[in-house]
Structures are given as C-alpha cells and as structure tokens.
Amino acid sequence: MTSGWRWCWRRDICGGEERSQLGNLNITLLDVNLTDNEDTWCWSIGSDGGFLVTETRKWVGRKILPIANISTRWNPLIPIKVNILMWRTLLNRLSTRDNLDARGIDVSCIMCPIGNLEDEDLNHLFVRCEVAARMCNSVFIWLQVQFNSFVSILQIFEQVDTMRGTSIKRRVIEALFARVFLFFING
C-alpha cells in the first residue's frame, strides 16, 4: 500500500483488521500535505481568517442562543441576578425537572414534588402549581389589582404590561413578581 508516505514498521502488517486499518489511514492521509512552514491558526468564522470578537458574538448568537420572540426585560428596580433569572425564565432556560429530563439528565421523577399532579415544567413551577397560584393570586389581591386565572408565566407579564397606571407602577409590580419567582427558586 502506497500513498506517498514511506512507512517503517517494526514488523510486517498482517492481513485482516490491521491491513484494513492501514488502508483507512492511507485514505485519511491522502489530502495531508506536510511542509516546513511554521504552524498557524486560522479562524474559520471570520471572513478574512482573523479573529474578531464581533464576528464571534454574531456566530454565537446565530448558532447557540435560542431564537425567541420575547424581548429582554430589564427592570432597574431589581438586582442584576434577578433580572437574569427573569430573562432565563422567559426563555425557559431554568433547570426544571422537565428541562433536565429533556437534556438527558437522569431525574427520578419529573412530577412536581408538592402535589405530584403535573410535570414540573416552568409554567407549572411558577403559575399552575397550587402553592405558586396562591402566592401569585395573593400578590394581585394585596395590590388590589384584578387578576385572571393564568396558565403561563407570559400571561402574568402580559397582564402587568397592559395594566393602567404609570410605568413605574408596572415596574414595581414586575419587581414584586420577580421576587416571588426568586422565592420559588431559592425556597
């Protein structure tokens, strides 16, 4: 077997598996061209082969980050970590039992540990779970705001967005719900 490479073996190649592996190696090495030039790195994402942070950010945005029709909510009344929690919540990027199970992580049971009635997904954790529903309803009653029966976390934010009143009032209400959600995460 020749492929432009000169092989020096300690022993002769036997037939069967060794010969097959050598054949596969020769096929793999057909396009390899070694030179005496210095090794270099080439960045294949950029158009000119050079590394640019902006090109990398755009590539990560296209390939890795989720595509969502949800605008980023940023509330200056709550800490950064809570804003990030809200952002991850609206993108369904929290480690709920169903998300862990969907990623192949062994979870003994994906049912809500409180009632064992539904799978623990994001909307169940924050809205439909009996404890979560009572807490959210209590916040609306305390605020003396009429509330609907919710099935998703997006519906809560949609109602807050459409409330009458000043934008600061809406931000305060959003901050209260963010604190409630943080309570569910931290216990």
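Criteria and thresholds
Residues numbered from 1 in each chain as written. Predicted model: local features only at pLDDT ≥ 70, side-chain atom pairs only at ≥ 80, totals over all residues. Heavy atoms only, no water. Helix = DSSP H or I, 4+ residues; strand = E, 2+ residues; numbered from the N terminus. Buried < 20%, exposed > 50% of the residue type's maximum accessible area, 1.4 Å probe, protein only. Polar contact = N/O pair within 3.5 Å; in protein donor to acceptor, adjacent residues only side chain to side chain. Contact = heavy atoms within 4.5 Å. 1 Å grid on protein atoms, 1.4 Å probe; cavity = no way out; pocket = protein on both sides within 12 Å on 5 of 7 lines; lining within 4 Å. Points joined across faces, edges and corners; volume = space filled by probe spheres on them. Salt bridge = Lys/Arg side-chain N within 4 Å of Asp/Glu carboxyl O. Patch = residues over 30% accessible without salt bridge, like charges linked within 9 Å, V, L, I, M, F, W, Y side chains within 5 Å. Areas by Shrake-Rupley, 256 points an atom, 1.4 Å probe, with all protein chains shown as cover. Expected span 1.5 Å × (residues − 1). Core = buried A, V, L, I, M, F, W, Y, C linked by side-chain atoms within 4.5 Å.

A. Structural context of unusual backbone geometry. Positive phi values are uncommon outside glycine, yet Asn 92 reaches one of about 55°. By the element assignment, Asn 92 lies in the loop between α3 (80–90) and α4 (97–102). Exposure remark for Asn 92: the relative accessible area of 30% places this residue in the partly exposed category.

B. Up close: the side chain of Glu 174. Counting through the fold element by element, Glu 174 comes out in helix α8 (residues 167–186). Of the residues examined, Glu 174 reaches a relative accessible area of 12% and is grouped as buried. There is a polar contact of 3.2 Å between the side chain of Glu 174 and the side chain of Asn 75. With sequence-adjacent residues up to four places away left out, Glu 174 is seen in contact with Arg 73, Asn 75, Phe 157 and Val 160.

C. Seen up close, the layout of surface pockets. Taken as a whole, the largest pocket spans an internal volume of roughly 200 Å³. If you trace the largest pocket, you find it lined by Lys 81, Ile 84, Leu 85, Arg 88, Leu 94, Ser 95, Thr 96, Leu 125, Leu 182, Phe 184, Ile 185 and Asn 186. When residues of the lining of the largest pocket are traced back to their parent elements, those giving at least two are α3 and α8.

D. Local environment of empty space enclosed by the protein. Per the stated rule, a full pass over the model turns up one cavity of 30 Å³ or more. Arg 73, Trp 74, Asn 75, Ile 78, Asn 83, Met 86, Phe 157, Glu 174 and Ala 178 together form the lining of the largest cavity. Of all the elements in the fold, those that place two or more residues in the lining of the largest cavity are α3 and α8.

E. Geometry of the pattern of salt bridges. If you walk through the whole model with that rule in mind, you get five salt bridges. A salt bridge links Arg 128 to Asp 121; its shortest N-O distance comes to 3.2 Å. Using a relative accessible area of 28% as the deciding quantity, one classes Arg 128 as partly exposed. Its salt-bridge partner being Glu 130, residue Arg 134 comes within 3.0 Å of it at the nearest N-O pair. Placement of both Arg 134 and Glu 130 in helix α6 (residues 130–142) is noted, with a separation of four residues, approximately one turn of the helix. The network of salt bridges with shared partners includes Glu 118, Asp 121 and Arg 128.

F. Structural context of a nonpolar patch on the surface. Where nonpolar side chains cluster on the molecular surface, the patch consists of Trp 74, Ile 80, Ile 84 and Trp 87 and spans about 420 Å² of accessible area. For Trp 74, the position within the fold is in the loop between α2 (53–63) and α3. The exposure class of Trp 74 is partly exposed, given its relative accessible area of 48%.

G. Looking closely at α6. An ideal rise of 1.5 Å per residue puts 18 Å on 13 residues; α6 measures up with 18 Å between its terminal C-alpha atoms. The inward-facing, buried residues of α6 contact α5 (122–128), α7 (153–161) and α8.

H. Main features of the nonpolar core. Among the nonpolar cores identified, the biggest contains 31 residues, and Phe 126, Ile 153, Ile 156, Phe 177 and Phe 181 are the most heavily contacted of them. Looking at this core, the elements that each hand over two or more residues are α3, α5, α6, α7 and α8. The dominant element in this core, judged by the number of residues it contributes, is α8, at eight residues. For Ile 156, the contacting residues outside a window of four places in its chain are Val 127, Cys 136, Phe 150, Phe 177 and Phe 181.

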